[in-house]
Amino acid sequence: MQELLEKLASLREYLDIPGKERRLKELDHELSNPDLWNDPERARRVNQEATSVRRIVTTYNGLKSDAEGLAEMFEIAEPEERELLEAELESARKRVDELYRETLFTMKNADAPAIVMVKPGAGGTEAQDWAEILFRMYTRWAERNGFKVEILDVQPGTQAGIAAAEFIIRGERAYGMMAPEHGVHRLVRVSPFDSNNRRHTSFASVDVVAEVPEEQIDIQIPDSDIRVDVYRSQGAGGQGVNTTDSAVRVTHLPTGLIVAIQVTRSQIKNREMAMQILKQRLYDIEVKKREEEEAKARGEQKKIEWGSQIRSYVLDKQYVKDHRTGVMRHDSANILDGDLEEFMWAGLEWMAGKRTAEESDDE
């Protein structure tokens, strides 16, 4: 019982419950202002933040009240009554563990939508097929967990799979949950494209950035820094979508970043959206650069694993292993169908500095 109360005291400080209670009053005051609803986008963001903060505060206060009540009952209960109270104590422990997960969202803009790009590595058809499998895996995960997926662009592969896919996942903690997935994903399998049934290794990258409010982004992009190409939209589409040159590809020449959009039949709207996504990606680069410089000034050692291989999917031996956290599972079909929560929560612990993988040999 004492351990539970100590955990709650620690969480109160870690979650800054007093600060969140003050912030919730500010947000509720703003939500009560009729003028807020004249700006639907700002109203959505304020309401989303209020929902998130309210959930944490309400959950903590409810847990604290229940734990204190349990502690009082344990003090006066007879031995046989204490056995009955153990079930309630175990339930309270589980709820505290769930609240602990709130401490893992250490990144900025955890509540923001996640802009995700999946691209195959070298390897032609095999890698492009792998990129499409990952694309489906993340959209399935989003659907299973009540997130909305907005497809921005999907470029078909030369023979199978995809050459690239970009999409936005919207919902509570969308970026926070997807952030640990950023990196290189490795596939090992007997290739369905190899008539000799040989084992192939393929790679694909998953790039995840937060969609932050436009007013936070102070980035100007001169016309001389971009190249704009228009082309015919591909894929199913609606009437007219794939019969006109409405798709837009914007290339940022200084960095080589490419954003392609074919969401609407309007070339102008697709270009505006592509420029917004490009600004988001450039902003993310600037933020990461600033964070690294600040960490160096403080003498901290920043993790450099972001761009490296984070996970292996070894299908012929039926296992998936995360190299940062050590989590390994042997139900690859379920994982590729979107059952990713265990990897994501472990990845969040790793990002928060609360988990590391033991050294082990890997294929």
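How each quantity is defined
- Residues numbered from 1 in each chain as written.
- Predicted model: local features only at pLDDT ≥ 70, side-chain atom pairs only at ≥ 80, totals over all residues.
- Heavy atoms only, no water.
- Pairing = 2+ DSSP bridges.
- Helix = DSSP H or I, 4+ residues; strand = E, 2+ residues; numbered from the N terminus.
- Axes fitted to C-alpha atoms, helices over the stretch in contact; angles between N-to-C directions.
- Buried < 20%, exposed > 50% of the residue type's maximum accessible area, 1.4 Å probe, protein only.
- Polar contact = N/O pair within 3.5 Å; in protein donor to acceptor, adjacent residues only side chain to side chain.
- Contact = heavy atoms within 4.5 Å.
- Salt bridge = Lys/Arg side-chain N within 4 Å of Asp/Glu carboxyl O.

**As for the sheet that holds strand β6 (residues 226-231)**
So, point 1. Judged by pairing direction, the sheet is antiparallel, and its 3 strands sit side by side in the order β6-β7-β8 without closing on themselves. Among the strands making up the open sheet, the edge pair consists of β6 and β8 (257-261). Strand-to-strand twist in this sheet, taken as the mean axis angle between neighbours without regard to direction, amounts to 15°.
So, point 2. Sheet topology places strand β7 (residues 247-252) next to β8; 5 bridges connect them, and they run antiparallel. The residue bridging Thr 251 from the neighbouring strand is Ile 258, located in β8.

**A closer look at the side chain of Glu 181**
So, point 1. Along the polypeptide, Glu 181 turns up in the loop between α6 (174-178) and β4 (183-190).
So, point 2. The exposure class of Glu 181 is buried, given its relative accessible area of 0%.
So, point 3. Here Tyr 138 takes part through its side chain, which lies 2.6 Å from a polar atom of the side chain of Glu 181.
So, point 4. Within polar-contact distance, the side chain of Glu 181 engages the side chain of Arg 311 at 2.8 Å.
So, point 5. With sequence-adjacent residues up to four places away left out, Glu 181 is seen in contact with Tyr 138, Val 206, Ile 310, Arg 311 and Met 344.

**Points about the pattern of salt bridges**
So, point 1. With the rule as written, the count across this model stands at 34 salt bridges.
So, point 2. Glu 30 serves as the salt-bridge partner of Arg 42, at 2.6 Å between the closest nitrogen and oxygen. Placement of the pair is Arg 42 in helix α3 (residues 40-76) and Glu 30 in helix α2 (residues 17-31), with a sequence separation of 12 residues.
So, point 3. Accessibility expressed as a relative area gives 34% for Arg 42, which makes it partly exposed.
So, point 4. Overall, the relative accessible area of 21% leaves Glu 30 in the partly exposed class.
So, point 5. A salt bridge links Arg 95 to Asp 66, with the nearest nitrogen and oxygen atoms 3.0 Å apart. One end of the pair, Arg 95, is in helix α4 (residues 79-100); the other, Asp 66, is in helix α3, and 29 residues separate them in sequence.
So, point 6. Look at Asp 66 and you get partly exposed, because its relative accessible area is 35%.
So, point 7. Taken together, the shared-partner salt bridges in this structure form one network comprising Arg 136, Arg 140, Glu 143, Arg 144 and Asp 337.

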